[in-house]
Amino acid sequence: MIWNTNKECMPREQMRELQGKRLQKLVVYVYHNVPFYRKKMQEMDLAPDDIRCIDDIVKLPFTTKQDLRDNYPYGLMAAPLSEVVRVHASSGTTGNPTIVGYTRRDLSIWSEVMARCLSAYGVTRDDTFSVSYGYGLFTGGLGAHYGVENLGATVIPASTGNTEKHVRLIRDLHITGIACTPSYALYLAEVAERMGIQKGELGLRVGAFGAEPWTENMRREIQERLGLKGYNIYGLSEIMGPGVSYECQEQNGSHINEDHFYPEIIDPETLQPLPAGTRGELVFTTLTKEGMPLLRYRTKDLTSLMPGTCPCGRTNVRMTPIMGRSDDMLIIRGINVFPSQVESVILGMKEFEPRYLLVVDRKKNLDTLEVQVEVRRDFFTDDIGAMLGLKKMLSDKLKSVLSISADVKLMEPNSIARSEGKSTRVIDKRVLV
Ligand code: ADP
Ligand code: K
Ligand code: ZN
């Protein structure tokens, strides 16, 4: 099911032309309405006229999260506040939060791209869909909400919290779809199991999972325990919110809504564009946004673009699953480690719950990595020999994948904190020193 065949299946040449036209318009718009961009362009000796086609995008300046913070709260807004009808903010653990603003047209484009995603997952007007991303300043809740309504399915604005009640609602209201973080999906499964409610009774059919990185093994685990098919949804508040890219039935990469969000992959060190198919930092330009348009925003998310056509018929470029953010890559004893690598190993072993925490520290000038992981109830025993065997098995696998040794700490079932939103996977004690 394709929501907007015209835009999702556009011939490549035509798409590039459309992107070029939109970019030209955008550059004129920000030049006149955002002093920050005008100044940057003037410093680079760049006039709006210099941008004539989409390939000229590489001439434009980058934008970073720090730029958003420095211009807190409304400095990067291009539309006057009288035209802005909604504001969201991203969590931002340190410093100023990042504020984003939407005009009426921005909101309508947001629900359009969300409807494209949901259609690709096979959601129809006959579905009843629970939105279990947090409602509020976070973009997940309201973003998904209006997408479901736009598509014409029935939205249940469950948000997070009160998970037992939510499980009963899923069963009683015949909820067939759910949008939430993959961590919350697992937590929901766990609560339903504890309540003695079978996945068949729940009747869930489709899940839209995102807001944090997740692996294929995590997908299998969630699908198995909730009895649904789980699809990736990607987005970030600076660019729009959820709905920037989405998986189709092929589940081989996520199609980018590139008529609105133009993607580039750059080398995060040199800032040079990388050849197609190479992994690097994802950069987006908002081609149509009015409220707070951004030029070449550096997401810090690491992925690659997949050129070529998809059997689903969509021509929009796909991105591979996010392997992590350049800022959550850990450097341990000089080796790059991503939490997602640890997740893959743990979720590939039946003895462990999909619950883990990485604790990084520095002892006697040497980096240490401790991997805490919950053992499944059926495998947790008093038999020390068995537990040591389990520990060794995981250590060996981690060593072969990460190329450094980790100190495995086996934890009792239910001992690692659950999350309703994005999970905390890493505690890096080195940054506290
Ligand atoms: P906050 O900044 O408050 O965490 P955002 O929604 O803006 O809220 O977070 C966006 C970030 O979440 C992305 O840049 C990316 O790192 C992560 N993210 C979102 N969707 C996915 C996904 N499907 N897979 C991996 N990471 C994701
Ligand atoms: K947000
Ligand atoms: Zn496809």
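Whatever comes next refers back to the structure up there.
How each quantity is defined
- Throughout this description, residue numbers start from 1 for each chain and increase along the sequence as written.
- By the order in which they are written, chains take letters starting at A while ligands take numbers starting at 1.
- Residue-level local features of this predicted model are given only where pLDDT is at least 70; pairs of side-chain atoms are given and counted only at 80 or more, and the full residue set underlies all totals for whole chains, interfaces and linings.
- No hydrogens and no water enter the side-chain calculation; it runs on all heavy atoms of the structure.
- One side-chain nitrogen of Lys or Arg within 4 Å of one carboxyl oxygen of Asp or Glu is enough to make a salt bridge.
- The numbering of helices and of strands both runs from the N terminus, where a helix is a DSSP run of H or I of at least 4 residues and a strand a run of E of at least 2.
- For every residue, the accessible area obtained with a 1.4 Å probe (protein chains only) is divided by the maximum for its type, and the residue is called buried under 20%, exposed over 50%, and partly exposed between those limits.
- To define a nonpolar core, start from buried Ala, Val, Leu, Ile, Met, Phe, Trp, Tyr and Cys residues and group those joined through side-chain atoms within 4.5 Å.
- Contact between two residues is taken to exist if any of their heavy atoms lie within 4.5 Å; hydrogens are not considered.
- Note on method: axes are straight lines fitted to C-alpha atoms, helices fitted across the in-contact stretch only, with angles between N-to-C directions ranging 0 to 180 degrees.
- A clockwise turn of the near helix away from the far one marks a right-handed crossing, whereas an anticlockwise turn of less than a right angle marks a left-handed crossing.
- We call Asp, Glu, Lys and Arg charged. Ala, Val, Leu, Ile, Met, Phe, Trp, Tyr, Cys and Pro are nonpolar, and the rest, Gly among them, are polar.

## A look at the pattern of salt bridges
Moving on, step 1. Counted according to the given criterion, the structure contains 33 salt bridges.
Moving on, step 2. Across the pair Lys39 and Glu43 runs a salt bridge whose closest N-O atoms are separated by 3.5 Å. Residue Lys39 and its partner Glu43 are both found in helix H3 (residues 35-43); the two are separated by four residues, about one turn of the helix.
Moving on, step 3. You can call Glu43 exposed: its relative accessible area is 58%.
Moving on, step 4. With a closest N to O distance of 3.9 Å, Lys40 and Asp67 form a salt bridge. Remark: Asp67 occurs in helix H4 (residues 65-70) and Lys40 occurs in helix H3; sequence separation between them is 27 residues.
Moving on, step 5. Among the charged side chains, a network of salt bridges with common partners joins Glu190, Arg194, Arg355, Glu374 and Arg418.

## As for the nonpolar core
Moving on, step 1. Leu23, Leu60, Tyr121 and Phe284 are the most contacted members of the largest nonpolar core, which totals 67 residues.
Moving on, step 2. Here the element with the most residues in this core is helix H5 (residues 104-120); it accounts for nine residues.
Moving on, step 3. Among all residues touching Tyr121, those that are not within four sequence positions of it are Val206, Ala208, Tyr231, Asn232, Ile233, Tyr246, Glu247 and Gln249.
Moving on, step 4. Formed by 47 residues, the second largest nonpolar core is a distinct cluster that contains Ile175, Leu204, Leu228 and Ile332.

## Describing the packing of helix H8 (residues 182-194) against helix H10 (residues 216-226)
Moving on, step 1. In contact at an axis separation of 10 Å, H8 and H10 are set at 30 degrees when each is read in the N-to-C sense. You can see that H8 and H10 cross each other, and the crossing is left-handed. Residue-level contacts link Pro182, Ser183, Ala185, Leu186, Ala189, Glu190 and Glu193 of H8 to Met218, Glu221, Ile222, Arg225 and Leu226 of H10.
Moving on, step 2. Among the residues forming the contact of H8 with H10, the class breakdown is seven nonpolar, one polar and four charged.

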